[in-house]
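Structural features, examined
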Amino acid sequence: MVADPNERLQVKICGLKDPGRAAECVALGADAIGLVFYPPSPRFVTPALAGEIVGALPDASFAVGVFANEPEEALLAAANRAGIQRVQLHGQEPPELVAALRKRGFFVIKALFATRAPGFAEANRYEADAFLVEAGRGRLPGGNAETWDWKGAAVMRTGRPFLLAGGLDEKNVERAVEDACPDGVDASSGLEIRPGEKDMTKVARFLAVISGIRSNPAPRRIFP
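Here's a quick rundown of the structure. Everything quoted here is computed from the prediction, not taken from an experiment. (Residues numbered from 1 in each chain as written. Predicted model: local features only at pLDDT ≥ 70, side-chain atom pairs only at ≥ 80, totals over all residues. Heavy atoms only, no water.)

1. A short note on the overall build of the protein chain
Worth spelling out the cut-off: Counting from the N terminus, the helices are DSSP H or I runs at least four residues long and the strands are E runs at least two residues long. The size measure is the radius of gyration over C-alpha atoms, and the globule rule it meets is 2.2 Å times the number of residues to the 0.38 power. For the accessible areas, the method is Shrake-Rupley and the probe is 1.4 Å, while residue cover comes only from the protein chains on display.
The helix and strand inventory of the protein chain stands at six helices and 10 strands. For 224 residues, the compact-globule estimate of 2.2 N^0.38 gives 17 Å, and the protein chain sits close to it at 16 Å. Accessible surface, the protein chain: about 9400 Å² in total, of which carbon and sulfur atoms supply 50%.

2. Observations regarding the nonpolar core
One recurring pattern in soluble globular proteins is that nonpolar side chains are buried together. Condition: Definition of nonpolar core: a set of buried residues of the types Ala, Val, Leu, Ile, Met, Phe, Trp, Tyr and Cys, connected through side-chain atoms within 4.5 Å. Throughout this description, buried means an accessible area under 20% of the type-specific maximum (1.4 Å probe, protein chains only), exposed means over 50%, and partly exposed covers the range between. Contacts are assigned to residue pairs that have any heavy atoms within 4.5 Å of one another.
One finds I33, L35, L101, V133 and F206 to be the most contacted residues of the largest nonpolar core, which totals 58 residues. Aside from chain neighbours lying at most four places away, what touches I33 is K12, I13, L16, A22, C25, V26, I53, L57, F62, A63 and V64. Listed in part, the 13 residues of the second largest apolar core include V64, F107, A165 and F223.

3. Things to note about the side chain of D199
Going by this rule: We treat Lys and Arg as the positive residues and Asp and Glu as the negative residues; His and chain ends play no part in the count. Whenever Lys or Arg places a side-chain nitrogen within 4 Å of a carboxyl oxygen from Asp or Glu, that contact is recorded as a salt bridge.
Take D199: it is sitting in the loop between β10 (197-198) and α6 (200-211). Buried and unpaired, D199 has K202 as its nearest opposite-charge partner, separated by 4.6 Å. The residues contacting D199, other than those within four sequence positions of it, are L191, E192 and I193.

4. Focus on the packing of aromatic side chains
Note the following rule: For this analysis, a ring pair means two rings from Phe, Tyr or Trp (six-membered ring only for Trp) whose centres lie within 6.5 Å, classed as stacked if their planes differ by under 30 degrees, edge-to-face if by over 60, and tilted for the remaining angles.
Under the criterion given, the structure shown has four aromatic pairs. Here the aromatic rings of F37 and F67 are separated by 4.8 Å at their centres, their planes lie at 5 degrees, and the arrangement is stacked. Linking F37 in the loop between β2 (32-36) and α2 (47-56) with F67 in strand β3 (residues 62-67), this pair joins segments that are 30 residues apart in sequence. When sorted by exposure, F37 lands in the same class as F67, which is buried. Aromatic pair F120 and W148: ring centres 6.1 Å apart, planes at 50 degrees, arrangement tilted.

5. Considerations on the packing of helix α1 (residues 19-28) against α2
How we decide: To obtain each axis, a line is fitted to C-alpha atoms, and for helices this fit is confined to the stretch in contact; angles are then taken between N-to-C directions over 0 to 180 degrees. Left-handed describes a crossing whose near helix is turned anticlockwise from the far helix by less than a right angle; the clockwise case is right-handed. All amino acids are sorted into three groups, where Ala, Val, Leu, Ile, Met, Phe, Trp, Tyr, Cys and Pro are nonpolar, Asp, Glu, Lys and Arg are charged, and the leftover types, Gly among them, are polar.
Between α1 and α2, the shortest axis-to-axis distance is 8 Å and the interhelical angle comes to 35 degrees. Of the two possible hands of crossing, α1 and α2 adopt the one that is right-handed. In this structure, α1 contributes P19, A22 and A23 to the contact, and α2 contributes E52, I53 and A56. Its residues placed into classes, the contact of α1 with α2 shows five nonpolar, no polar and one charged.

6. Examining unusual backbone geometry
Backbone torsion omega between A117 and P118 reads -5 degrees, so that peptide bond is classified as cis. Secondary-structure assignment places P118 in the loop between β5 (107-113) and β6 (130-134). Look at C181: it is not a glycine, yet its phi comes out positive at around 55 degrees. Among the structural elements, C181 can be located in the loop between α5 (173-180) and β8 (184-187). Classification of C181 by relative accessible area gives buried; the value is 16%.

7. Concerning the pattern of salt bridges
One pass over the structure, following the stated rule, counts 13 salt bridges. The partner of D183 in a salt bridge is R220, and the shortest N-O contact between them spans 2.8 Å. Note that D183 is positioned in the loop between α5 and β8 and R220 in the segment after α6, a separation of 37 residues in sequence. By the burial criterion, D183 is buried, and R220 matches it. Overlapping salt bridges bring together R21, R194 and E197 as one network.

8. Thoughts on the pairing of β2
This is how it is decided: Strand pairing requires that DSSP identify at least two bridges connecting the strands. Assignment of crossover handedness uses the view with strands pointing away from the viewer, where a clockwise path from the first strand over the helix to the second indicates a right-handed crossover.
The buried count for β2 comes to five of five residues, which makes it a mostly enclosed element. Here β2 shows two buried faces, one formed by A32, G34 and V36 and the other by I33 and L35. The sheet contact formed by strand β1 (residues 10-14) and β2 spans three bridges and is parallel. When the bridges of β2 are listed, I13 appears paired with I33. Crossover β1 to β2 through α1 is right-handed. Here β2 runs beside β3; their pairing, made up of five bridges, is parallel. Paired with G34 across the bridge in β3 is V64. Handedness of the crossover joining β2 and β3 through α2: right-handed.

Read these as spatial facts, not as claims about activity.
Below, the structure is given as structure tokens:
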């Protein structure tokens, strides 16, 4: 996770439901894809479908299971069924769950929020491998297409690597990166035709913009 001045921002495209589109995201340049295991979300996937998506990805890519306030045993069952070793906790999970999952060998990303708990100031409570930061408004834990004052996330630069999220698309991602100086970005709703269905033209344009962004300071790697 050492910063490399030649390293580009890493990109996670979240909320994939189709194996072909997930593989295409990686082919276009995404470093990771996110699979949502939160039933109320229009981007929800079952462990069986998640397993199909994971199986369609190239070996060098990463799949991240996204959970929100899921009991530990249910989370483990879903992750194991899908063949996922990286999880994102997008609710009000306690630090103890993060520690327990890491002891089991999982790579853990913990979400922190600008408008609700846990907030950015609570980062030192969590022994996560990385963080994801977003506004925290809207009906769903994430994927609400809510842009926000990204400058508030710049305080996260002094800690562990972090992904910036919240309504990102090809038109605003450069400004968001300039404001927050993240190590990577996470996009979902801003790249969709409708909730749960990615627009691959938007994905391609988004990734093309990212390829031209050079962050200062240099980004640290989240997905090795």
